[in-house]
Amino acid sequence: MSSKQHCVKLNDGHFIPALGFGTYKPKEVPKSKSLEAAHLAIDAGYRHIDTAYAYQIEEEIGQAIQSKIKAGVVKREDMFITTKLWCTCFRPELVKPALEKSLKNLQLDYADLYIMHYPVPMKMLEKCKDAGLVKSIGVSNFNHKQLERLLNKPGLKYKPVCNQVECHLYLNQSKLLDYCKSKDIVLVAYGALGTQRYKEWVDQNSPVLLNDPVLCDVAKKNKRSPALIALRYLVQRGVVPLAQSFKENEMRENLQSCWSPRISIFRGILTWGASYDFYLPSLCVDSDADDVA
Ligand SMILES: NC(=O)c1ccc[n+]([C@@H]2O[C@H](COP(=O)([O-])OP(=O)(O)OC[C@H]3O[C@@H](n4cnc5c(N)ncnc54)[C@H](OP(=O)(O)O)[C@@H]3O)[C@@H](O)[C@H]2O)c1
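The rules behind each value
- Residues numbered from 1 in each chain as written.
- Predicted model: local features only at pLDDT ≥ 70, side-chain atom pairs only at ≥ 80, totals over all residues.
- Heavy atoms only, no water.
- UniProt positions renumbered as here; feature names shortened; annotations may be inferred.
- Phe/Tyr/Trp six-rings, centres within 6.5 Å; stacked < 30°, edge-to-face > 60°.
- Helix = DSSP H or I, 4+ residues; strand = E, 2+ residues; numbered from the N terminus.
- Buried < 20%, exposed > 50% of the residue type's maximum accessible area, 1.4 Å probe, protein only.
- Lys NZ or Arg CZ within 6 Å of the ring centre and 35° of its normal.
- Near = heavy atom within 4 Å.
- Polar contact = N/O pair within 3.5 Å; in protein donor to acceptor, adjacent residues only side chain to side chain.
- Areas by Shrake-Rupley, 256 points an atom, 1.4 Å probe, with all protein chains shown as cover.
- Nonpolar A, V, L, I, M, F, W, Y, C, P; charged D, E, K, R; others polar.
- Axes fitted to C-alpha atoms, helices over the stretch in contact; angles between N-to-C directions.
- Parallel < 35°, antiparallel > 145°, perpendicular 65-115°, else oblique.
- Left-handed = near helix turned anticlockwise from the far one by under 90°.
- Contact = heavy atoms within 4.5 Å.
- Salt bridge = Lys/Arg side-chain N within 4 Å of Asp/Glu carboxyl O.
- Expected span 1.5 Å × (residues − 1).
- Core = buried A, V, L, I, M, F, W, Y, C linked by side-chain atoms within 4.5 Å.

By the naming in an unreviewed UniProt entry, the protein chain is Aldo-keto reductase family 1, member C13, taken from Rattus norvegicus. The Sequence similarities (unreviewed entry) field of the UniProt record for the protein chain holds the comment "Belongs to the aldo/keto reductase family."

Shown next, in the form of structure tokens:
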């Protein structure tokens, strides 16, 4: 893995870069813009790209990766590529073909991480790992009980390396995070910057996270942007955040969350204790957005 991005060790021995580049955009956004953004992200230093079959953007991500490999900017092994199994392919016989289709779209021989987008049994993902099509397998949108049920399942061959869930200053997922840590499962956070606020997913009357006065105050005191503080808050708690942006300056700024000095005044943020999940319908919320010690 590239030395350019700080990494977190997974329970199967692989490493995940501490900040991921999110690639979801709604279908109205031209795919050429996502292609351009993926190029910019790799140039900026992102080595962890989070995509999914459902985002219908795997081909563009694949093109960007291949062109950067050809140009000598990165090697395949420098990159950590996540994609996800969509709900239409949860039937056991459809899982491996779905992964093969994603790999073809991405022009890759293997994915670094394959995640089930929503909770289903794990068996077929294990087979994909055994077949060498993916290095690590994980889950998404599992609440504490679903994760516990999965881990207690007789015959489970591989523990998921991660649980990708909505997690940010307004939904700190502290109990789920504690549980994941106790089982050596990395919590990957989406919506870390308060989401892209698209109408179909997010109530337009919800608070704008990056405008939060307490966050802005902490940012001002630390001479950093609210986005950097929001990401740094997650990184310092051992969470691996994803951050989406089309803007090069934002991409570069967000990467600094992995490097910037430790910020010690989160206590103020945590006691304000807002609790808000943006994504509709609510997924993976255990009413556990308590303060973190
Ligand atoms: N597993 C799942 O079910 C699931 C669900 C949702 C998302 N995800 C993944 O998580 C990724 C990230 O989540 P998300 O797409 O909801 O969005 P997000 O990363 O929480 O927020 C993205 C928004 O933040 C803004 N932004 C980024 N950097 C900024 C900065 N430095 N300063 C100010 N604004 C900044 C961007 O604005 P600009 O437009 O100005 O750049 C963009 O609108 C997705 O792309 C996807 O890969 C997974």
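## A closer look at the packing of aromatic side chains
Under the defined criterion, the tally for this structure stands at six aromatic pairs. For the ring pair Tyr190 and Tyr279, a centre distance of 5.2 Å and an interplane angle of 80 degrees mean the geometry is edge-to-face. Here Tyr279 lies in the segment after helix H10 (266-272) and Tyr190 lies in strand E9 (residues 186-190), a separation of 89 residues in the sequence. An identical accessibility class is assigned to Tyr190 and Tyr279; each is buried. An angle of 65 degrees between the planes, with centres 6.3 Å apart, marks the rings of Trp201 and Tyr279 as edge-to-face. Taken together, the residues span a long stretch of sequence, with Trp201 in the loop between E9 and helix H7 (213-222) and Tyr279 in the segment after H10 at a distance of 78 residues. Note on Trp201: relative accessible area 30%, which makes it partly exposed. The ring of Phe246 carries Lys25 above its face, with NZ or CZ at 4.3 Å from the centroid. Here the guanidinium or amino end of Arg76 rests over the ring plane of Tyr110, the centre of that ring lying 4.0 Å away.

## Examining the site of the ligand
Around the ligand, 29 residues are found, and the nearest of them are Gln196, Lys247, Glu250, Glu253 and Tyr279. In the environment of the ligand, an oxygen atom lies 3.4 Å from a nitrogen or oxygen atom belonging to the backbone of Gly191. Contact distances for the ligand include 2.7 Å between a nitrogen atom and a side-chain N or O atom of Glu253. Relative to its unbound accessible surface of 920 Å², the ligand loses 87% to contact with the protein. Within the residue set of the shell around the ligand, elements represented by two or more residues are strand E10 (240-243) and helix H9 (248-255). Ranked by residues supplied to the shell around the ligand, first place goes to H9 with three residues. For the shell around the ligand, the class distribution of residues is eleven nonpolar, 13 polar and five charged.

## Topic: the packing of helix H3 (residues 92-106) against helix H4 (residues 123-130)
Following both chains from N to C, one finds H3 and H4 inclined at 40 degrees, their axes separated by 9 Å at the closest point. Judged on the interaxial angle alone, H4 and H3 are oblique. Between H3 and H4 the crossing geometry is right-handed. Residue-level inspection shows Pro92, Val95, Lys96 and Leu99 of H3 in contact with H4, the latter providing Met124, Leu125 and Cys128. In terms of residue class, the contact of H3 with H4 is made up of six nonpolar, no polar and one charged.

## Some details on the pattern of salt bridges
Applying the stated rule across the entire model yields twelve salt bridges. Residue Glu126 pairs with Lys123 through a salt bridge whose shortest N-O separation is 3.4 Å. One end of the pair is Glu126 and the other is Lys123, both in helix H4 and three residues apart, which spans about a single turn. Of the residues examined, Lys123 reaches a relative accessible area of 49% and is grouped as partly exposed.

## Some thoughts on helix H1 (residues 31-44)
In this model H1 runs 20 Å from its N-terminal to its C-terminal C-alpha over 14 residues, within 8% of the 20 Å that 1.5 Å per residue would give. Looking only at H1, the buried set comprises Ser34, Ala37, Ala38, Leu40, Ala41, Ile42 and Ala44. Residues of H1 that are buried sit in contact with strand E3 (20-22), strand E4 (48-50), helix H2 (58-70) and H9. Following H1 by one or two positions, Gly45 has its phi on the positive side, about 120 degrees.

## Looking at the nonpolar core
By size, the foremost hydrophobic cluster in this structure holds 77 residues, and its most contacted members are Tyr46, Leu85, Leu125, Leu147, Leu187 and Met251. In this structure, Ile16, Phe80, Tyr190 and Val240 belong to the second largest nonpolar core, which totals 13 residues.

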